Amino acid sequence: MSDFLRDYLTVGIFGLTGVALVGLLLGLGSLLRPTRPQPQKYINYESGVDPVGTGWGQSNVRYYIFALLFVMFDVEAVFIFPFATRVDAYGWFGLIEMGIFIVVLALGLLYAWKKKVLRWV
Amino acid sequence: MIAIAQVTPVWYLVLASVVFAIGAVGLLVRRNPLVMFMCVELMLNAVTLTFVTFSRMLNDVNGQTVVVFVLVVAAAEVVVGLGIIVALLRKQPSATADDLTVLKG
Amino acid sequence: MLASLWQQLSDSPVPIDSVDLAWAGLAPVMILIGGALLILAVDSLVPRRLRPGSYALATVLLAAGAMVAAVPLWQRVQDAERGPFATAAGAIMVDGFSVFATFVILSAVILAALSFDGWLRREEMDGAEPYVLMLLSASGGVMMASANDLIVMFLGLEILSIAVYVLAAMHLRKITSQEAGVKYFVLGAFSSAFFLYGIALIYGGTGSTNLVRIATYLSATVLGDSGLVLAGLALLLVGFGFKVAAAPFHFWAPDVYQGAPTPSVAWMASGVKVAGFAGLLRVFYLAFSTYRLDWQPVIFVLAVLTMLVGSVLAVVQTDVKRMLAYSSINHAGFILVAVQAATAAGVQAALFYLAAYTFMVAGSFGVIAVVSRKGDIGTSLDDYRGLSRDRPVVAFAFALLLLAQAGVPLTSGFFAKFYVITAAIEAGSSTLAIIAMITAVISSYVYLRIIVAMYGAGDDVPAPRTIPLPAAAGLALVISLTVTMSVGVFPGTLASLAERATPVLIPESDPGAVDPSGVPPGP
């Protein structure tokens, strides 16, 4: 067997162990616990608020601008990490360059703030 | 135990081309603007995989730096595209690409 | 911690591969980006609204400043001793071609900004955003025209496109604008993905994304992995075809042109098209000149299809914006004829055509922006009836611009078409030249139809209405008309500029020197 497959064998054994463990616990539980079925027990939240509407209802879009802003600024960070690993090699040129980059990003945030995008509606 | 071919870089190229094709076909057959948009993302990610594979085959690091740029460009496209699509969906809830027929002729 | 960072920075012996940047070569792009960010910062920080028109003025000044910064570059690249040069580790090329394209793109910015001013005030949407987006978009266009690396070209294409998606969807009260934005965005992103996949395949086939290294590799390798390269080229062509609206990738153009705000369309039809063709020429004519026999037939078919679609389908339209959208497809076909020639004369003709067309089309859409009513409506052919009575000067200017698009002598459009057809015949594609002339005749019917509507008399002429003409829009009209007519009478100046705007390939290792072997061999 090749090394490649042996590595995957570990994964397979791990997966099988997991499945067996869960099956064992659930099986033991069903053997031990008393069974007294009631209709109350079959609704989604036995002791919570009953769900309203269908599962495909639309949620509020007020979060989406925050999500968009997060995606943008989060991804821009990908440029900072490679720079950070070699700060000393790039010297002052790199530091100033990255400073400009971050200032531009901050400018975008400033614009979003001033346009009242960050306010909770 | 099991006879299996060694996974060569070509496999990744084939995988990437299959994913790219799924994205392209998906964009053409699906009608929800959001799903069409997700298909574009699929296509871009397939290209990224192609770049990394070629980078590995050629032993050249430039192909990997491309990934960072593609990642950021894709994020910018997501933000702008979702903004436009949400603006449209607010005016026309449940709009599909077939409903966008005000402009035709 | 800061102290240790300070220590590290001060101690750093030699920066690794310290990027050698020729700042002057990047000056136009940096002025555009810096100016756009400055406008954005001012817009965020100034508490009260600025005087109306100040953003438009700032945009025009910035574009003019970028032009001024490009003048020394032009002198430098024309200088026999210094010549064109590559900078930013060979990723950016400053040659006559890129500087010429920069000038044309900046002219488009100025014309579109002037047209935006009055339009935004009429729609009560005055603000900094359209100008910022257009400046950023223009920086992407300049980057595309001067890219010497396919990745830089992709980044330029995206910076150009993403801003234009927003410009198309900008009119929030008009559903057709949003619809245009979504259509343009989905198809644009689709084509960008194809473009990028093309780059990836070319990278796999040649081992580099740098145009110089690709050209060197291709000329040195007789039997390379040409399958990958050809597939990559085809995908790149799809990407470029979408951007310049060449058939069969033109489907978005009529819808987007009709729905998008008119001044945005002025920019889309001029600046975006110039950048797209500049990129197309640089990649196909320069880097892949060794594959000329493979791509020329493809461009031939594209050019024929584009010209036919653009001229024939324009005839059945009833909306002026749609008519001009199809006519812009026809113009793209003409430029493809020049690209197909793949000669120095072809490049020259394409550049001349792009420069002349920018002024014609930006002026034409400027007129449409003026004639339309609040809500960006009123662009059907019927709305133009009686324009010669309501606004005789605007009607006359529009008529001249339309005649120029038709290629009537004494206008720049005539010489643009003349040079293209000459280049095609010299390159031995007389068939293409004949088809081009036939489609020019067909599409002239469209222009005449608009002129007849404006000047026609009869029962169907609506009651007189007042059409306000904002000063800035008038200035844009004067500029585009002056250029169109003066180039039509004296084409020599622009032609000689286009002649000297040759694209070159220079190895990055030798900045500041011309490599004669890098220039693709003429046939």
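Chains are numbered independently. Their residues run from 1 in the order of the written sequence. Lettering of chains starts at A and numbering of ligands starts at 1, both following the order in which they are written. Note on the predicted model: pLDDT of at least 70 is required for a residue's local features to be given, and 80 or more for side-chain atom pairs to be given and counted; whole-chain, interface and lining totals, by contrast, use all residues.

Asks: Is there a simple way to explain the overall build of chain C in this structure?
Replies: Of regular secondary structure, chain C possesses 20 helices and two strands. For a compact globule of 523 residues, the expected C-alpha radius of gyration is about 24 Å, and chain C comes in at 23 Å, within 12% of that figure. Dimensions of chain C, computed from the C-alpha atoms along their principal axes, are close to 80 × 65 × 40 Å. Counting over 523 residues, chain C shows a buried share of 62%. Any residue pair is listed as a contact if its two C-beta atoms, each placed from the backbone, are within 7 Å. The contacts in chain C between residues at least 6 apart in sequence include a share of 80% that link residues at least 24 apart. Put simply, DSSP H or I for four residues or longer makes a helix, DSSP E for two residues or longer makes a strand, and each gets a number counted from the N terminus. Radius of gyration means the value over C-alpha atoms here, while the globule rule gives 2.2 Å times the residue count to the 0.38 power. Think of it as a crowd count around each C-beta: if 20 or more other C-beta atoms lie within 10 Å the residue is buried, if 12 or fewer it is exposed, and in between it is partly exposed, with C-beta placed from the backbone throughout.

Asks: I tried to follow the overall build of chain A on my own but got confused; where do I start?
Replies: When helices and strands are tallied, chain A shows four helices and zero strands. Walking chain A from its N terminus toward its C terminus, one meets helices and strands in the order α-α-α-α. Per-residue burial over chain A gives 2% buried out of 121 residues.

Asks: Would you explain the domain arrangement of chain A in this entry?
Replies: When the parts of a complex come together, some accessible area is lost, and that lost area is often taken as the interface size. What the domain assignment lists for chain A is domain 1 (1–34) and domain 2 (60–121). Here the C-alpha centre of domain 2 of chain A lies 44 Å away from the C-alpha centre of domain 1 of chain A. An automatic or database domain assignment supplies the residue ranges for each domain.

Asks: Would you take a moment to explain the interface of chain B and chain C for this structure?
Replies: Contact residues are listed per partner, giving 35 residues for chain B and 33 residues for chain C. Elements represented by at least two residues in the side of chain B that touches chain C include exactly α1 (9–29), α2 (33–58) and α3 (62–91) of chain B. Ranked by residue count, the leading element in the side of chain B that touches chain C is α3(B), at 15 residues. Residue composition of the side of chain B that touches chain C, grouped by class: 25 nonpolar, six polar and four charged. Residue classes follow a fixed rule: Ala, Val, Leu, Ile, Met, Phe, Trp, Tyr, Cys and Pro count as nonpolar, while Asp, Glu, Lys and Arg count as charged, and any other residue, Gly among them, counts as polar.

Asks: How should I be thinking about the nonpolar core in this particular structure?
Replies: Nonpolar side chains in soluble globular proteins generally cluster together in the buried interior. Grouped together as the largest cluster of nonpolar side chains are 242 residues, with contacts concentrated most on B:Val47, C:Val109, C:Ala350, C:Tyr353 and C:Val420. Among the elements that take part in this core, helix α14 (residues 344–371) of chain C stands out by supplying 20 residues, more than any other. Discounting residues that sit within four places of it in the chain, C:Ala350 has contacts with C:Phe277, C:Leu281, C:Ile335, C:Ala338 and C:Val339. Here a nonpolar core is just a set of buried residues of the types Ala, Val, Leu, Ile, Met, Phe, Trp, Tyr and Cys, joined wherever their C-beta atoms sit within 7 Å.

Asks: Teacher, can you tell me more about the packing of helix α6 (residues 150–168) of chain C against helix α11 (residues 262–287) of chain C here?
Replies: In a pair of packed helices, the angle between the axes and the distance between the axes together describe the arrangement. Residue and element names in this part refer to chain C. Lines are fitted to the C-alpha atoms to define the axes, a helix being fitted only along its stretch in contact, and any angle between axes, read from their N-to-C directions, falls within 0 to 180 degrees. Between α6 and α11, the least distance of the axes is 11 Å, while the angle of their chain directions is 170°. The angle between α6 and α11 falls in the class roughly antiparallel. Residues Met153, Leu157, Leu160, Val164, Leu167 and Ala168 of α6 pack against Ser264, Trp267, Met268, Val272, Ala275 and Gly279 of α11. Across the contact of α6 with α11, the residue classes break down as 10 nonpolar, two polar and no charged. Oblique is the label for any angle not under 35 degrees, not over 145, and not in the 65 to 115 range, which are roughly parallel, roughly antiparallel and roughly perpendicular in turn.

Asks: For this particular structure, what's the right way to read unusual backbone geometry?
Replies: When glycine is set aside, most residues are seen to have a negative phi, and most peptide bonds are trans. Residues and elements named next belong to chain C. A cis amide bond, omega 0°, links Ala247 with the succeeding residue Pro248. Along the chain, the position of Pro248 falls in the loop between α9 (226–244) and α10 (252–259). For Ala342, which is not a glycine, the phi torsion comes out positive at approximately 55°. Of note, Ala342 is situated in the loop between α13 (320–341) and α14. Within the chain, Asp376 stands out as a residue other than glycine whose phi angle is a positive 55°. By secondary structure assignment, the location of Asp376 is in the loop between α14 and α15 (387–390).

Asks: Quick question: what am I supposed to make of the environment of C:Glu123 here?
Replies: Residue and element names in this part refer to chain C. Tracing the backbone shows Glu123 in the loop between α4 (96–122) and α5 (129–145). Separated by 252 residues in the primary sequence, Glu123 and Gly375 place their C-alpha atoms 6.3 Å from one another. Those residues in contact with Glu123, other than ones at most four positions away along the chain, are His171, Lys374 and Asp376.

Asks: Just to check I follow, could you spell out the packing of helix α7 (residues 175–206) of chain C against α10(C) for this structure?
Replies: Residue and element names in this part refer to chain C. Closest axis-to-axis distance for the α7/α10 pair is 8 Å, and the angle between their directions is 145°. Judged by the twist between their axes, the crossing of α7 over α10 is left-handed. Along its contact with α7, which presents Thr176, Ser177, Glu179, Ala180, Lys183, Tyr184 and Leu187, the element α10 presents Trp252, Asp255, Val256 and Gly259. Each residue belonging to the contact of α7 with α10 can be placed in one class, and the counts come to five nonpolar, three polar and three charged. Left-handed describes a crossing whose near helix is turned anticlockwise from the far helix by less than a right angle; the clockwise case is right-handed.

Asks: In this structure, what is going on with the confidence of the model for chain C? I would like to understand it.
Replies: The predicted coordinates of low-pLDDT regions are not to be read in fine detail. Per-residue pLDDT for chain C averages 88, and the proportion of residues at 70 or more is 92%. Prediction confidence for the complex, expressed as pTM and ipTM, is 0.87 and 0.92 respectively. pLDDT measures how confident the predictor is about each residue, on a scale from 0 to 100.

Asks: What's the story with the environment of C:Val371 in this structure? I'm lost.
Replies: Residues and elements named next belong to chain C. In this structure, Val371 sits in helix α14. For the pair formed by Val371 and Ala138, sequence separation is 233 residues and the distance between their alpha carbons is 26 Å. Setting aside anything within four residues of it in sequence, one finds Val371 in contact with Gly378, Asp383, Tyr384, Leu387 and Ile467.

Asks: Help me understand the confidence of the model for chain A, please; the structure alone is not making it clear to me.
Replies: When the pLDDT values of chain A are averaged, the result is 82; 85% of them are 70 or greater. In the model of chain A, helix α2 (residues 64–76) of chain A stands out as the element of lowest mean pLDDT, 84, in contrast to helix α1 (residues 3–32) of chain A, which has the highest, 89.

Asks: Can you help me understand helix α4 (residues 87–114) of chain A in this one?
Replies: Helical geometry: 3.6 residues make up each α-helical turn, so side chains three or four residues apart lie on a common side. All names here are of chain A. Here, expected helix span is obtained from the residue count minus one, scaled by 1.5 Å. When the terminal C-alpha atoms of α4 are compared, their 33 Å separation across 28 residues is substantially less than the 40 Å that a helix rising 1.5 Å per residue should span. The largest bend in α4 comes to about 70°, at Phe93. Lys116, located one to two residues past α4, shows a positive phi value of around 60°. What the bend at a residue measures is the angle between two axes, fitted to the seven residues ending there and to the seven starting there.

Asks: Sorry, what's going on with the environment of B:Thr48 here?
Replies: Residues and elements named next belong to chain B. Position of Thr48 relative to the elements: it lies in helix α2. The spatial distance from the C-alpha of Thr48 to the C-alpha of Leu58 is 15 Å, given a sequence separation of 10 residues. Setting aside its immediate chain neighbours within four residues, Thr48 contacts Val67 and Val70.

Asks: Can you walk me through α1(A) in this structure?
Replies: When the terminal C-alpha atoms of α1(A) are compared, their 44 Å separation across 30 residues agrees well with the 44 Å that a helix rising 1.5 Å per residue should span. The buried fraction of α1(A) amounts to zero of the 30 residues, a small share that puts the element mostly on the outside.

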